[in-house]
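Breakdown of the fold
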Amino acid sequence: MTVDDRFTDYPFQQADPDTVVQFEVMDGPVTDWATDFSHMDEEYAANAHEIWDDLRERCPIARSERFGGTWLPTRYEDVAAIAYDTENFTSRHIIVGNFRPPMDLAPVGSVPPISSDPPFHHDARKLLLPAFTKTNTAKQEPTTRAFCHSLIDAFEGRDVVDAATEYAMHIPVRVIADMLGFPTEDTPKFKVFVENALEGINRSPEERQASTEELFTYILEQIRDHVENPRDDLTTYLINAELYGEKLSPQHVAGTMILLLIAGIDTTWSAIGASLWHLAENPEDRKRLVAEPELRATAVEEFLRAYAPVTMARLVKEDVELGGVKMKKEDWVLLPFPAANRDPERFEDADKVIIDREVNRHAAFGLGIHRCAGSHLARMELRVALDVWLDRIPEFTLADPDGVRWSTGQIRGPRALPMRIG
Ligand code: HEM
């Protein structure tokens, strides 16, 4: 039996309280989207596109005093300028919250490579890319397809199902569990981990710390199990991986596993759900994709553009002026790639969903050095999920339009999607 003592007594890393700056939670209703926005507001969840369109016209970089000071650019040009500018903006933390995270984890960051800045970022990312090539991703396709069929088999005899929680959500959860080599019976836990990490940002620091510790403890259990029983999966790959001639630090291994678990779930779940929502609302598009399966790959790109689920964030490194506003060191900046994707300066008919749009250089997977490492996997999951649904359930409508609920926070997608299928 091999024992890798890097993980034997590795404790949960508590942030040094002296380096964490805590802010008062301001969670009241928004008074003005240009000066007091909150991406945690229910109205933002339901009407994000209208809010971005309005802001782009009258105040392209909005400001809010919430979360200790946050900026929200809405033009493609500004979002891109910030995403490419790693000199003035750091990825030390990419989820806006009520505290400034500590600096002491640099250069690795809490969840590398997304939390790492250059030059370390390049090497941490390179380590991950071979696992997510198109070829490697294609290996997951047959099991993903079979799994989608099994989810639809379970709808047998029902007229109404929740396409978000009974279909879309399960697909990325199962795929990443298989890739990391985690027990499939643990998958219900993952949804809770993701919710805590991405949606629970207005909770107390103690609650947040407790949920992070729970996730960390789970990941460490999986690592220790893999140390004792190595197998052909991503966890064993990371345990054995080397950087600069040495094995990775335990923080690096655990952090990357946490990233992979969190980054692929809500995002892909949202993209599948939003695409099904669009097809339920637009019968002409639905009928066309049923009749012309060869168009589905092009349509997937348009769904990714129009309903891009992911907004990431940066912290300002030093005071900087951008797009006519003065940003201060340690201000948050949201990077709403979905708003950039709807900028009429960048896309013709930006507000229309055109399922056979030919030129579509959208930013759903981000821009610059942190561009999504899992984009081939995400595209495969989205394509297979829609393929199987459209082939098995060609006719469907929203069962209760008022029952549709969109998530708040940085990842946007339907979290309740009652669908009539019979
Ligand atoms: C539709 C689904 C997805 C969307 C829209 C999406 C979007 C994004 C975006 C916008 C970024 C850039 C973050 C930034 O600039 O800070 C990103 C990074 C990343 N994504 Fe995805 N993602 C999706 C699915 C996935 C999946 C399935 C995985 C793998 C399991 C994944 C793994 C990653 C990783 C590892 C990074 C960090 C890359 C780096 O920092 O170099 N994503 N994703």
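Scroll up to find the structure this text is about.
What this report covers is the structure whose coordinates are included nearby. The model shown is predicted, which means the values in this text are computed figures rather than measured ones.

For the protein, the helix and strand inventory stands at 16 helices and 16 strands. Summarising its shape, the C-alpha atoms of the protein cover approximately 60 × 55 × 35 Å along the three principal directions. Taken over 422 residues, the protein has a buried fraction of 44%. Residue pairs in contact within the protein that sit at least 24 positions apart in sequence constitute 73% of those at least 6 positions apart.

Here the focus is the pairing of strand β12 (residues 332–336). Burial analysis of β12 places five of its five residues in the buried class, which makes it a mostly covered element. Here β12 shows a buried face lined by Trp-332, Leu-334 and Pro-336 and a second buried face lined by Val-333 and Leu-335. When strand β3 (residues 70–73) meets β12, the two strands line up parallel, connected through two bridges. Bridge pairing links Trp-71 to Val-333 in β12.

Sheet architecture is open: five strands sit in the order β2-β3-β12-β9-β4, paired in mixed fashion. Edge strands, defined here as strands with exactly one partner in the open sheet, are β2 (61–64) and β4 (89–90). Its contacts with the sheet put helix α2 (residues 76–84) on β2, β3, β4, β9 (311–316) and β12, and the angle it makes with β12 is roughly 120 degrees.

So, on to the packing of helix α5 (residues 141–153) against helix α7 (residues 170–180). For the pair α5 and α7, the least separation of the axes is 10 Å and the interaxial angle reads 140 degrees. For the element pair α5 / α7, the angle class is oblique. Seen from above, α5 lies across α7 with right-handed handedness. Residues Thr-143, Thr-144, Phe-147, Cys-148 and Leu-151 of α5 form the contact with α7, whose participating residues are His-170, Ile-171, Arg-174, Val-175 and Asp-178. Looking at the contact of α5 with α7 residue by residue, the class counts come to five nonpolar, three polar and two charged.

Let us now look at the environment of Ile-223. By the element assignment, Ile-223 lies in helix α9 (residues 205–228). Judged by the 22 C-beta atoms lying within 10 Å of it, Ile-223 falls in the buried class. As for Ile-223 and Leu-105, which are separated by 118 residues in sequence, their C-alpha atoms are 20 Å apart. The residues touching Ile-223, leaving out its near neighbours within four places in the chain, are Phe-7, Thr-235, Ile-239, Val-253 and Ala-254.

Here the amide bond leading from Pro-112 into Pro-113 is cis, since omega sits at 5 degrees, within 30 degrees of zero. Mapping Pro-113 onto the fold places it in the loop between β5 (99–100) and α3 (120–128). Phi angles above zero are rare outside glycine, and Phe-67 is one such case at about 55 degrees. Mapping Phe-67 onto the fold places it in the loop between β2 and β3.

Moving on, we get to the nonpolar core. Core analysis: the biggest nonpolar cluster contains 109 residues, and Ala-168, Leu-261, Val-333 and Ala-385 have the highest contact counts within it. Setting aside chain neighbours within four positions, we find Leu-261 in contact with Ile-176, Leu-180, Phe-190 and Phe-193.

All right, on to the site of the ligand then. Near the ligand you find 29 residues, and of these Gly-264, Gly-366, Cys-372, Gly-374 and Ala-378 are the closest. Those elements giving two or more residues to the shell around the ligand turn out to be α3, α7, α11 (250–263), α12 (265–281) and α16 (375–392). When grouped by side-chain class, the residues that make up the shell around the ligand number 21 nonpolar, seven polar and one charged.

What follows is about the environment of Ala-106. Structurally, Ala-106 is set in the loop between β5 and α3. Judged by the 14 C-beta atoms lying within 10 Å of it, Ala-106 falls in the partly exposed class. Between the C-alpha atoms of Ala-106 and Asp-400, which are 294 residues apart in sequence, the distance is 47 Å.

Turning to the sheet that holds strand β6 (residues 160–162), a few remarks are in order. Adjacent strands of a sheet pair through backbone hydrogen bonds, lying either parallel or antiparallel. Overall, antiparallel pairing links the three strands, which are arranged β6-β16-β13 in an open sheet. Edge strands, defined here as strands with exactly one partner in the open sheet, are β6 and β13 (397–398). Summarising the sheet, β13 and strand β16 (residues 418–420) pair through two bridges and their orientation is antiparallel. Bridging across to β16, Thr-397 finds its partner in Arg-420.

Attention now moves to helix α14 (residues 296–306). Among the residues making up α14, those that are buried are Ala-299, Val-300, Glu-302, Phe-303, Leu-304, Arg-305 and Ala-306. Residues of α14 that are buried make contact with α12, α13 (283–291) and α16.

Before going further, it helps to spend a moment on α7. Counting buried positions over the eleven residues of α7 gives nine, a clear majority of the element. Buried within α7 we find His-170, Ile-171, Pro-172, Val-173, Arg-174, Val-175, Ile-176, Met-179 and Leu-180. Positive backbone phi, approximately 80 degrees, marks Gly-181, located one or two places after α7.

Cut-offs and rules
Residues numbered from 1 in each chain as written. Predicted model: local features only at pLDDT ≥ 70, side-chain atom pairs only at ≥ 80, totals over all residues. Helix = DSSP H or I, 4+ residues; strand = E, 2+ residues; numbered from the N terminus. Buried ≥ 20, exposed ≤ 12 C-beta atoms within 10 Å, placed from the backbone. Contact = placed C-beta atoms within 7 Å. Pairing = 2+ DSSP bridges. Axes fitted to C-alpha atoms, helices over the stretch in contact; angles between N-to-C directions. Parallel < 35°, antiparallel > 145°, perpendicular 65-115°, else oblique. Left-handed = near helix turned anticlockwise from the far one by under 90°. Nonpolar A, V, L, I, M, F, W, Y, C, P; charged D, E, K, R; others polar. Core = buried A, V, L, I, M, F, W, Y, C linked by C-beta atoms within 7 Å. Near = placed C-beta within 6 Å.

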